[in-house]
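Structural characterization, general
Given next are the chains, with one letter for each unit.
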Amino acid sequence: MLVSRGGQVIRAQGYGLANVELQVPVKPETIFQSGSVGKQFTATAVMMLVEEGKIGLEDPLTKYFPDAPPSWKKVTIRELLSHTAGFTDYPKSFDMRRDYTEAEQLKIVESIPLAFAPGTSWSYSNLGFLTIGILIHKVTGEFYGDFLQERIFRPLDMQTTRIISEADIVPNRSAGYRLVKGELKNQEWVSPTVNTTADGSLYFSIMDLAKWDVALYTEKLLKRSSLDEMWTVAKLNNGQPNSGHYGFGWFVVTKNGHRVVEHEGAWQGFETQISRYVDDKLTVVVLTNLDDAKPEVFADRVAEMYLSGTVK
């Protein structure tokens, strides 16, 4: 768990075990998988390219994917970032244990009809962010993970943050777990390429997320106007805010009268939560290595204690 105020770490502490079989305790340097908390980094990469004039938020997807279905002509980058494009999630036929090329992944996404007309509704879509990763590759010529490393992680000295690789030797890497009929089991295995998509396939520690939090108070990565746009609920075609309360890579909500930008993640026996109380300059991060651990519940309660003055 990480708690910081105005970018200053108040508490960075581990609880429980990073590896049950080896009885290794969790510490602040322990590496967890991000799940969908990784989407905010993907969205940041897109906004960097927007600021550089290489991508336009109102650009149709067919500008970058000319062979895509005709329905993609009406989908904009803005809608893809905010889950208002009509894209869906992984189909039941998607084999998580098969290695797909980017071209094969794109073909699968293109084969799925839009669930609704772009800009008319909201539906959370991992496939939408997978497509954004391929888009970043097309625009920059770099695998999106290399772009994140070069433009975000390295400049912020986020030394442990990287794309998942189960083959690599990763110091302080924790194991993910799940409960099956009350019995603790290891995470289910997925293929290496499925574990490198832009919908949330990162390793990181709370110490690196503390550096990320500091950067979000500055304009080191993005202009303030770009960050504000990411942290504003995107509107539908009718001018109404989307029902998911989603900006670009962040949920934008109010909790007990406090404005919060946040995101949760769940993947391979890991569940994660980052909650930034932007007006209070309070950030709480909870990383867990158990499926269905509900880290948001812990993050909300911890934030409540600090905001109320129960804990200082």
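Here, residues in each chain are numbered from 1, in the same order as that chain's written sequence. With pLDDT at 70 or above as the cut-off, local features in this predicted model cover only qualifying residues; side-chain atom pairs require 80 or more to be listed or tallied, and sums for whole chains, interfaces and linings still use all residues. With hydrogens and water excluded, all non-hydrogen atoms of the structure serve as input to the side-chain values.

**Re the overall build of the chain**
Assigned secondary structure in the chain consists of eight helices and 13 strands. In terms of its C-alpha atoms, the chain occupies a principal-axis envelope of roughly 55 × 40 × 35 Å. Note on exposure labels: buried denotes an accessible area under 20% of the residue type's maximum, exposed denotes more than 50%, and partly exposed covers the range between, all computed with a 1.4 Å probe on protein chains only. Split into buried and exposed, the 312 residues of the chain put 52% on the buried side. In what follows, a contact means two residues having at least one pair of non-hydrogen atoms within 4.5 Å. A separation of at least 24 residues holds for 65% of the contacts in the chain among residues at least 6 apart in sequence. Every helix listed is a DSSP run of H or I at least four residues long, and every strand listed is a run of E at least two residues long, numbered separately from the N terminus.

**Comments concerning the layout of surface pockets**
Site definitions follow a grid-based scheme: protein atoms alone, a 1 Å grid, a 1.4 Å probe that fits but cannot get out for cavities, and for pockets an open set with protein on both sides within 12 Å along at least five of seven lines, plus lining residues having an atom within 4 Å of a point. Grid points are joined across faces, edges and corners, and a volume is the space filled by probe spheres set on the points. There is about 440 Å³ of room inside the largest pocket. What lines the largest pocket is a set of 23 residues, among which Y15, V286, L287, T288 and N289 lie closest to the centre. Breaking the lining of the largest pocket down by element, the ones donating at least two residues are β13 (282–288) and α8 (295–308). The greatest single-element share of the lining of the largest pocket, amounting to three residues, is contributed by β13. Classification convention: Asp, Glu, Lys, Arg as charged; Ala, Val, Leu, Ile, Met, Phe, Trp, Tyr, Cys, Pro as nonpolar; all other residues, Gly among them, as polar. Of the residues assigned to the lining of the largest pocket, the class counts are 16 nonpolar, six polar and one charged. In this structure, the second largest pocket encloses a volume near 310 Å³. Contributing to the lining of the second largest pocket are 21 residues, with G35, S36, G265, A266 and W267 lying nearest its centre. Contributions of two or more residues to the lining of the second largest pocket are made by β11 (258–267), β12 (270–277) and α8. Counting residues per element, the lining of the second largest pocket draws most heavily on β11, at four residues.

**Overview of the sheet that holds strand β6 (residues 162–163)**
Only strands joined by at least two bridges in the DSSP assignment are considered to pair. The antiparallel open sheet is built from three strands, whose spatial order is β5-β9-β6. A strand with exactly one partner marks an edge of an open sheet, and here the two such strands are β5 (32–33) and β6.

**Focus: empty space enclosed by the protein**
Scanning the model with the defined rule gives two cavities of 30 Å³ or more in all. There is about 40 Å³ of room inside the largest cavity. Of the residues in the lining of the largest cavity, the class split is six nonpolar, one polar and no charged. For the lining of the second largest cavity, a count of residues per class yields six nonpolar, two polar and no charged.

**Some details on the pattern of salt bridges**
By salt bridge we mean one thing: a side-chain nitrogen of Lys or Arg within 4 Å of a carboxyl oxygen of Asp or Glu. By the definition in use, this model includes 17 salt bridges. E52 is the salt-bridge partner of K54, the closest N and O atoms lying 3.4 Å from each other. The class of E52 is partly exposed, set by a relative accessible area of 34%. The salt bridge partner of E183 is K185, with a shortest N-O separation of 3.6 Å.

**Things to note about the sheet that holds strand β2 (residues 8–12)**
Strand order in this open sheet of six strands is β2-β1-β13-β12-β11-β10, and the pairing throughout is antiparallel. At either end of the open sheet lies a strand with only one pairing partner, and these are β2 and β10 (251–255). Averaged over all adjacent pairs, the angle separating strand axes in this sheet is 20°, with direction ignored. Sheet topology places strand β1 (residues 2–5) next to β13; four bridges connect them, and they run antiparallel. Looking at β13, one finds that L2 is bridged to V285. To obtain each axis, a line is fitted to C-alpha atoms, and for helices this fit is confined to the stretch in contact; angles are then taken between N-to-C directions over 0 to 180 degrees.

**Remarks on the side chain of T42**
With respect to the helices, strands and loops of the structure, T42 is situated in helix α1 (residues 39–51). Polar contacts, as used here, are pairs of N or O atoms within 3.5 Å; protein pairs need one atom able to donate a hydrogen and one able to accept it. Residues neighboring in sequence count only if both atoms are side-chain atoms. Here A198 takes part through its backbone oxygen, which lies 2.9 Å from a polar atom of the side chain of T42. Setting aside residues up to four positions removed in sequence, T42 forms contacts with F129, I132, I136, Y144, L148 and A198.

**Some words on the environment of Y64**
In this structure, Y64 sits in the loop between α1 and α2 (77–81). Look at Y64 and you get buried, because its relative accessible area is 11%. On a C-alpha basis, the gap between Y64 and G257 in space is 41 Å, while along the polypeptide they are 193 residues apart. Each residue touching Y64, except ones within four places of it in the same chain, is listed here: K54, I55, G56, D59, I77, L135, K138 and V139. Looking at Y64, its side chain comes within polar contact range of the side chain of D59, at 2.4 Å.

**Considering the nonpolar core**
In this structure, F41, F65, I77, L81, I152, W212 and M230 are the most contacted members of the largest nonpolar core, which totals 74 residues. If near-sequence neighbours (up to four positions away) are discounted, F41 is found in contact with L148, I152, F153, M158, L202, F204, L209 and W212. Grouped together as the second largest cluster of nonpolar side chains are 12 residues, V3, V286, A299 and A303 included. The definition of a nonpolar core used throughout is a set of buried Ala, Val, Leu, Ile, Met, Phe, Trp, Tyr and Cys residues joined through side-chain atoms within 4.5 Å.

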